[in-house]
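One-letter residues, chain by chain:
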Amino acid sequence: MIHLADIHFTYDRTKVFQGISLRLERGLTLALVGANGSGKSTLLSLLAGLYVPDTGCLSVAGYASPGQEKAIRLLSGLVVQDADLQILGATVGEDLCLGLDPEDAVGMAEARRLAASFYLEELWEEPVQVLSWGQKRKLCIAAALRRKPKLLLLDEPFSGLDYPGMREMRSVLLANKAAKLTQVISAHDIEPLADIADLWAVLEKGRLVAWGTAAEVFPLLAGHHVRPPCSWQAGLGVRPWE
Ligand SMILES: Nc1ncnc2c1ncn2[C@@H]1O[C@H](COP(=O)(O)OP(=O)(O)OP(=O)(O)O)[C@@H](O)[C@H]1O
């Protein structure tokens, strides 16, 4: 589903990636971790077709970048950290239905179903500015899922959520995983993701410094400025987050 071959990427003057390579099979959930500035958001943007690698090649579902960024943008759903940058509709319902033909009964029903599953249905007619931080984040994810992406890219989906919100977010990620949707999820606090991600990629200063399953990667996390989950530190392995 995803293949990165020796990707180099530089913002105007900031060199971010100097040779990242990885491969992710369809239907898997990848957790992207690393300290601030390690390159997680930049990698998500490259995977969303928003930036173009300087050198090297990236492919998503068979579409390559450089070259086919538009196709990559159409098949991927990126949800950024700041929901206010992403919400475009004036009301919850309008945002969820953006680009949808009002005569498309199946599409409209799916939008309503997603609103209900994210506890947004009662807010359907409300202006988006009345939503809380967590509700705005859920609206962005619901809107991304409504477009039926082949690849879901989530930047820090747990940040700013309360306990029920974290539980809901986990159930969304688990449902996506059960539906075999390929997901790439960045996180600082890896506790709620520990039992969800199939694979882990650790970035440090734009380099991929560790890759593999939880058992392979967790012993290395602390050495790369990432806190391992409590259960792991206590010698209990990976436990479901409750
Ligand atoms: N638009 C931009 N223009 C120039 N430099 C940028 C831009 N966005 C990010 N950078 C730089 O690229 C590097 C990687 O940033 P990025 O946001 O990808 O890291 P991150 O791992 O997502 O960080 P955080 O955990 O703080 O969100 C940093 O040095 C950052 O300053």
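If you look the protein up in an unreviewed UniProt entry, it shows as ABC transporter related protein.

Caption draft 1: Representation of the overall build of the protein. When you go through the protein residue by residue, the secondary structure sums to eight helices and ten strands. Relative to its length of 242 residues, the protein is compact, with a C-alpha radius of gyration of 18 Å against a globular reference of 18 Å. The principal-axis extent of the C-alpha atoms belonging to the protein is close to 50 × 45 × 30 Å.

Caption draft 2: Focus on the site of the ligand. Around the ligand, the neighbouring residues are Tyr11, Asp12, Thr14, Val16, Gly34, Asn36, Gly37, Ser38, Gly39, Lys40, Ser41 and Thr42. Broken down by element, the residue count for the shell around the ligand peaks at three residues, all from helix H1 (residues 40–47). A breakdown of the residues in the shell around the ligand according to their chemical character gives two nonpolar, eight polar and two charged.

Caption draft 3: Examining the sheet that holds strand E7 (residues 151–155) more closely. Reading across from one edge, E6-E7-E8-E3-E9-E10 is the order of the six strands in this open sheet, with mixed pairing throughout. Edge strands, defined here as strands with exactly one partner in the open sheet, are strand E6 (76–79) and strand E10 (207–212). Strand after strand, the sheet turns through a mean of 15° between neighbouring axes, direction not considered. Direction of pairing for E6 relative to E7: parallel, over a ladder of four bridges. In the sheet register, Leu78 faces E7, and the bridge partner there is Leu153. Each of strand E9 (199–204) and E10 is contacted by helix H7 (residues 214–221), which is oriented at about 30° to E9, the strand it contacts most.

Caption draft 4: Representation of helix H6 (residues 163–178). Over its 16 residues, H6 runs 22 Å from end to end, which matches the ideal 22 Å to within 8%, given 1.5 Å per residue. Taken together, the buried positions of H6 are occupied by Met169, Arg170, Val172, Leu173 and Asn176. Relative to the axis of H6, the buried residues are bounded by an arc of 160° and lie together on one face. Facing away from the buried side of H6 by over 90 degrees, the exposed positions are Tyr163, Pro164, Ser171, Ala175 and Ala178. Looking at the buried residues of H6, the elements they touch are helix H5 (133–146), E7 and strand E8 (182–186). Positive backbone phi, at 65°, marks Lys180, one or two positions downstream of H6.

The rules we used
Residues numbered from 1 in each chain as written. Predicted model: local features only at pLDDT ≥ 70, side-chain atom pairs only at ≥ 80, totals over all residues. Helix = DSSP H or I, 4+ residues; strand = E, 2+ residues; numbered from the N terminus. Rg over C-alpha atoms; globule rule 2.2 N^0.38 Å. Near = placed C-beta within 6 Å. Nonpolar A, V, L, I, M, F, W, Y, C, P; charged D, E, K, R; others polar. Pairing = 2+ DSSP bridges. Axes fitted to C-alpha atoms, helices over the stretch in contact; angles between N-to-C directions. Contact = placed C-beta atoms within 7 Å. Expected span 1.5 Å × (residues − 1). Buried ≥ 20, exposed ≤ 12 C-beta atoms within 10 Å, placed from the backbone. Arc of directions from axis to C-beta.

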